[in-house]
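# Chains, contacts and geometry: an overview
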Amino acid sequence: MTTFIDPYASSQETTEGRVYSVTGGDWDSLVTEIGATKEERVVVNMGPQHPSTHGVLRLILELEGETITEARCGIGYLHTGIEKNTEYRNWTQGVTFVTRMDYLSPIFNETAYCLGVEKLLGITKDITERATVLRVMMMEFNRISSHMVALGTGALELGALSPMIFAFREREKVLDIFELVSGLRMNMAYVRPGGVAQDLPEGALSKIKQTVKDLRHNFKDNEKLLVGNSIWIKRTQGIGYLDLAGCTTLGVTGPVLRSTGLAWDLRKAQPYCGYEDYKFDIPTTDTCDVYGRFLIRMQELEQSLRIIEQCVVKLEKLEGQPVMVADKKIAWPSQLSVGADGMGNSLNHIREIMGESMEALIHHFKLVTEGFRVPAGQVYTAIESPRGELGVNLVSDGGTRPYRVHFRDPSFNNLQSTSAMCEGGQISDVVAAVASIDPVMGGVDR
Amino acid sequence: MGLNMGLEEKLPSGFLLTTVEKLAGYMRKNSLWPATFGLACCAIEMMAAGAGRYDLARFGMEVFRASPRQADLMIVAGRVSNKMAPVLRQIYDQMAAPKWSIAMGACASSGGMFNNYAIVQGVDHVIPVDIYLPGCPPRPEMLMDAILKLHEQIGNEKLGANREKIIREVEAAALAAKPTHQLKGLLA
Amino acid sequence: MSEKGMFGVSGSGDTSGFSGLVNSAVLTGSTQRPFGAYFDQVADDLERAYPLFSDAIEKVVVDRGELTLFVKRDRLFDVAKILRNELRFEMCVGVNGVHYPNESGRELHAIYSLLSITRNQRIRLEVCVSDNDPHIPSLVEVWAGTNWHERETYDMFGIIFDNHPGLTRIMMPDDWPGHPQRKDYPLGGIEIEYKGATIPAPSERRSYR
């Protein structure tokens, strides 16, 4: 029998000491080898591909027995260079890049970017109310769908398999609404600088009202499964402790900050998009642990439904208003609809630019090829995404392309707190703590 | 399964005639277990395909095996960065043959919209790919279509000497083929 | 900034052929008092708490409703400590880098965004260093959250933060050469093959600036 040397299953000497690869069925030989070296502490790699690390996150844990003495995160496995890519595209094309950063909350990425661009352009007050209300409604629906993934995959990582199916069932209803309004389930590029891409189709409002009713009824299923569940409580109460001092020095925001008792939500503190006109509460708990964050996310779902209902009432009053800013030198020109050729060109718009108005043709041409120019300056805009404060730093040099786009992603800061939450605990608590932070690695690595 | 119907009609009932290749193909395609390699947005659509509405369990594929040693199919869902590429290769190598792979999404098939320093321009630079699935992200129904096409491919795979013959033919054809930019297309 | 595109377009991107169109970027100068909103209160508090204020702050810019303080790099640590302790800016939201290759001597800017939860205020600190000496004192002792942000700014721009507890690459692989988000680093795409044609990578295509 030839000896087969598995390149991944031998132990090798490296500059950091001996490195062992465990492939299954060889625990005994591993233990005898380690025992021989009298090393008490073992550094374990929960590598980038792992079912429980919530994405391509690498956790490097130094273990003493089952307790963790040091925990570090290795990130960057999803670094896409989105920020540099936007420097080679128009301001409007930047929306399609930026929407793929934090892929569970695409509308939030787009809205933060567009609010920043509009602040640089100085047209924040000129955005029509219908566009603003549409943005708020899509954002709140996105909050629901993002929290559903957070709850479902969080439960999955801890071993509870059914809540994920229930959560994804609700998420599918929200994705149906996204498809109805914007055409796509994810990464929609719906919010554009100046407004939104297109208006609601016929019958959308009644479908939305029906969906809200269904969601409110179905959220109780997940509650019944997990909230009073003694196993869930044992695995999440007292785990992942991070108090207010830790949160503020690490720059952690979102449900993690609200689980310390501080009701800090940018929708109330520094309102944008007309949030000051909506009635909703900010759920907080003061237990600073995984269970508290889980309860906050469940309660935020209900608050989002309240906001959506208020949006629907406003939209019914605002029928017929345009959804793009009036300034023709900025507003995205084409009015989309599925025409006779099935290709999405509105015949009215084509008739106007080809037959009636020379200016409209010129505007369409210049906007689509060159894009609008944004006056030079620097701006920081922040909104409250499901994970915390999503901020965007935009620098413009007066041209048609961004000079620098930097996203302050909430998951980037929140993930820094993993060491603080996990050291001293056990390995299974790491999984619970990371699930409660709910990092989305696309946002962390950008 | 392509049965030889003529002979069976003449024999008493209880017989089924087939070939080893067809039988092996049938067994393999109906119990593919995917390995979790969800990276970015496509991973969420892959999870949605495994969830309640677009059910992958009807193909026996709802068990996403965490360990590559137990998996047959690797669905690379999402953009592969240069830092992640060695990890991808390692996981693929750890899978036991027979193994297949689907490049799900535009970023896995060709680098997608991210034509830059950080993203591997197509996962086929790193691993051999059986099915390329375009989309950004592809709908769960598109993923199921890709899986069904893969099932067809697997069901028709040859074994033994036939397999080696096909592999040699495919390689010769690929070496002799014209590069894409010399073919006649709409841009020429 | 002049760029060359597919059709040999350079300078302003004016394809009319007359090439008389010149666009120059104008960066904002210093704003005079009164600043407006809460910015005057912040500036006054800072002056009171930090007597060397006028020495440390190069210029103050109030633009589009936001306050930016340009701080000299050797005073950055003191100013940051005072902002955290006296002026209650408890949270540093993020550290960002920008590369201005045309501003010789001050090419690399590091931008710190600060948030005060108790007073609901936001300001920004900006530090400018040159390419030849890209050192900035690290603020990890003041706000622990700047740890990863400074690592990312180092990784992407090459700004070295002195006294950082572990300044290594965070986004790119550990042995990656170069700093990707600098303006002199190429976007790095490949040509795209279609049937019958190849399209150049996005950074090489025709540019309408």
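Check the entry above for the structure.
Residues numbered from 1 in each chain as written. Chains lettered and ligands numbered in written order. Predicted model: local features only at pLDDT ≥ 70, side-chain atom pairs only at ≥ 80, totals over all residues. Heavy atoms only, no water.

## Structural notes on the overall build of chain C
- Counting its regular elements, chain C contains four helices and nine strands.
- In chain C, which comprises 209 residues, the share counted as buried stands at 49%.
- Here the analysis covers contacts within chain C between residues at least 6 apart in sequence; of these, 51% occur between residues at least 24 apart.
- Carbon together with sulfur atoms contributes 49% to the accessible area of chain C, which is approximately 9,500 Å² in total. (Helix = DSSP H or I, 4+ residues; strand = E, 2+ residues; numbered from the N terminus. Buried < 20%, exposed > 50% of the residue type's maximum accessible area, 1.4 Å probe, protein only. Contact = heavy atoms within 4.5 Å. Areas by Shrake-Rupley, 256 points an atom, 1.4 Å probe, with all protein chains shown as cover.)

## So, the layout of surface pockets
- Approximately 980 Å³ is the volume found for the second largest pocket.
- Around the second largest pocket, the lining is made up of 38 residues, and of these Pro51(A), Leu156(A), Met164(A), Thr36(B) and Met47(B) lie nearest the centre.
- At the level of elements, α5 (129–158) and α6 (162–182) of chain A together with α3 (41–50) of chain B are the ones that each hand at least two residues to the lining of the second largest pocket.
- At five residues, α3(B) tops the list of elements feeding residues into the lining of the second largest pocket.
- Its residues assigned to classes, the lining of the second largest pocket shows 24 nonpolar, 11 polar and three charged. (1 Å grid on protein atoms, 1.4 Å probe; cavity = no way out; pocket = protein on both sides within 12 Å on 5 of 7 lines; lining within 4 Å. Points joined across faces, edges and corners; volume = space filled by probe spheres on them. Nonpolar A, V, L, I, M, F, W, Y, C, P; charged D, E, K, R; others polar.)

## A closer look at empty space enclosed by the protein
- One pass over the full model with this rule turns up five cavities of 30 Å³ or more.
- In this structure, the largest cavity encloses a volume near 130 Å³.
- Gly154(A), Trp232(A), Phe294(A), Ala435(A) and Ser436(A) are, among the 14 residues lining the largest cavity, the residues nearest its centre.
- Among the elements of the structure, α5, α8 (230–236), α12 (290–317) and α17 (427–437) of chain A are those that each provide at least two residues to the lining of the largest cavity.
- Looking at the lining of the largest cavity residue by residue, the class counts come to nine nonpolar, three polar and two charged.
- Taken as a whole, the second largest cavity spans an internal volume of roughly 80 Å³.
- In terms of lining, the second largest cavity is formed by Arg100(A), Asn187(A), Ala40(B), Cys41(B), Cys42(B), Gly78(B), Arg79(B), Ala106(B), Cys107(B), Gly135(B), Cys136(B) and Pro137(B).
- Those elements that provide at least two residues to the lining of the second largest cavity are α3 and α5 (106–110) of chain B.
- Each residue belonging to the lining of the second largest cavity can be placed in one class, and the counts come to seven nonpolar, three polar and two charged.

## Observations regarding the interface of chain A and chain C
- Counting residues at the interface gives 52 residues for chain A, matched by 54 residues for chain C.
- Both sides of the chain A and chain C interface together cover about 4,600 Å² of buried area, and 51% of this is carbon and sulfur.
- Ranking the residues of chain A by area buried against chain C places Lys84(A), Gln378(A) and Tyr403(A) at the top, with a combined share of 16%.
- Between Lys119(A) and Glu66(C) there is a salt bridge, with its nearest N and O atoms 2.6 Å apart.
- The tally of links from chain A across to chain C stands at 27 residue pairs in polar contact (both at pLDDT 80 or more).
- Here the element with the most residues in the side of chain A that touches chain C is strand β8 (residues 377–385) of chain A; it accounts for five residues.
- Taken together, the residues of the side of chain A that touches chain C break down into 22 nonpolar, 16 polar and 14 charged. (Buried area = accessible area lost by both parts, 1.4 Å probe. Salt bridge = Lys/Arg side-chain N within 4 Å of Asp/Glu carboxyl O. Polar contact = N/O pair within 3.5 Å; in protein donor to acceptor, adjacent residues only side chain to side chain.)

## Side note on a nonpolar patch on the surface
- Together, Leu23(B), Tyr26(B) and Met27(B) line one region of the surface with nonpolar side chains, adding up to about 290 Å² of accessible area.
- Summarising the element assignment, Met27(B) is placed in helix α2 (residues 20–29). (Patch = residues over 30% accessible without salt bridge, like charges linked within 9 Å, V, L, I, M, F, W, Y side chains within 5 Å.)

## Observations regarding the sheet that holds strand β3 (residues 42–46) of chain A
Residues and elements named next belong to chain A.
- If you walk across this open sheet you meet the three strands as β3-β4-β5, and the pairing is antiparallel. Across the chains shown, the open sheet's two edge strands, defined by having one partner strand only, are β3 and β5 (67–74). Across this sheet, the average inter-strand angle for adjacent strands is 20°, counted without regard to direction.
- Sheet strands touched by α17: β3, β4 (58–64) and β5. Its angle to β4, the strand with the most contacts, is close to 150°. (Pairing = 2+ DSSP bridges. Axes fitted to C-alpha atoms, helices over the stretch in contact; angles between N-to-C directions.)

## Quick notes on the nonpolar core
- Counting 201 residues, the largest nonpolar core has Ile75(A), Tyr113(A), Tyr190(A), Val76(B) and Tyr112(C) as its most contacted members.
- Sort the elements by how many residues they give to this core and α5(A) lands first, with 14 residues.
- Listed in part, the 22 residues of the second largest apolar core include Ile75(B), Leu133(B), Leu143(B) and Leu150(B). (Core = buried A, V, L, I, M, F, W, Y, C linked by side-chain atoms within 4.5 Å.)

## Examining the sheet that holds strand β3 (residues 100–104) of chain B
All names here are of chain B.
- What the four strands build is an open sheet, ordered β1-β2-β3-β4; its pairing is parallel. Each edge of the open sheet is held by one strand with a lone partner, namely β1 (34–35) and β4 (131–133).
- As defined by bridge partners, β1 adjoins strand β2 (residues 73–77) across two bridges and the pair is classed as parallel. Bridging across to β2, Ala35 finds its partner in Met74.
- Contacts from α3 reach β2 and β3 within the one sheet, and its direction differs from that of β2 by about 130°.

## Thoughts on the interface of chain B and chain A
- At the interface, 35 residues of chain B touch 36 residues of chain A.
- For the pair chain B and chain A, the summed buried surface comes to about 3,200 Å²; carbon and sulfur atoms form 60% of the total.
- For the pair chain B and chain A, the number of links is four salt bridges.
- Counting across the interface, chain B meets chain A through 13 residue pairs in polar contact (both at pLDDT 80 or more).
- Every element with two or more residues in the side of chain B that touches chain A is listed here: α3 and α4 (85–94) of chain B.
- Considering every element that reaches the side of chain B that touches chain A, the biggest residue donor is α4(B), with six residues.
- Here the residues of the side of chain B that touches chain A are counted per class, giving 21 nonpolar, six polar and eight charged.

## Digging into helix α6 (residues 140–155) of chain B
Residue and element names in this part refer to chain B.
- Counted at 1.5 Å a residue, the expected span for α6 with its 16 residues is 22 Å, and the 22 Å between its end C-alpha atoms agrees.
- Buried within α6 we find Pro140, Leu143, Met144, Ala146, Ile147, Leu150, His151, Ile154 and Gly155.
- Where α6 is buried, its residues contact α2, α3, β2, β3 and β4. (Expected span 1.5 Å × (residues − 1).)

## A look at unusual backbone geometry
- With an omega of -5°, the peptide bond running from Ala97(B) to Pro98(B) counts as cis.
- For the bond running from Cys136(B) to Pro137(B), omega is -15°, close enough to zero to count as cis.
- Following the sequence through the fold, Pro137(B) ends up in the loop between β4 and α6.
- With phi around 55°, Cys273(A) is a residue other than glycine that occupies positive phi space.
- For Cys273(A), the location among the structural elements is in the loop between α11 (266–269) and α12.
- Classification of Cys273(A) by relative accessible area gives buried; the value is 11%.
- Of note in the backbone geometry, Arg64(C) takes a positive phi value of approximately 55° without being a glycine.
- Residue position: Arg64(C) is located in the loop between β1 (57–63) and β2 (66–71).
- The class of Arg64(C) is partly exposed, set by a relative accessible area of 24%.

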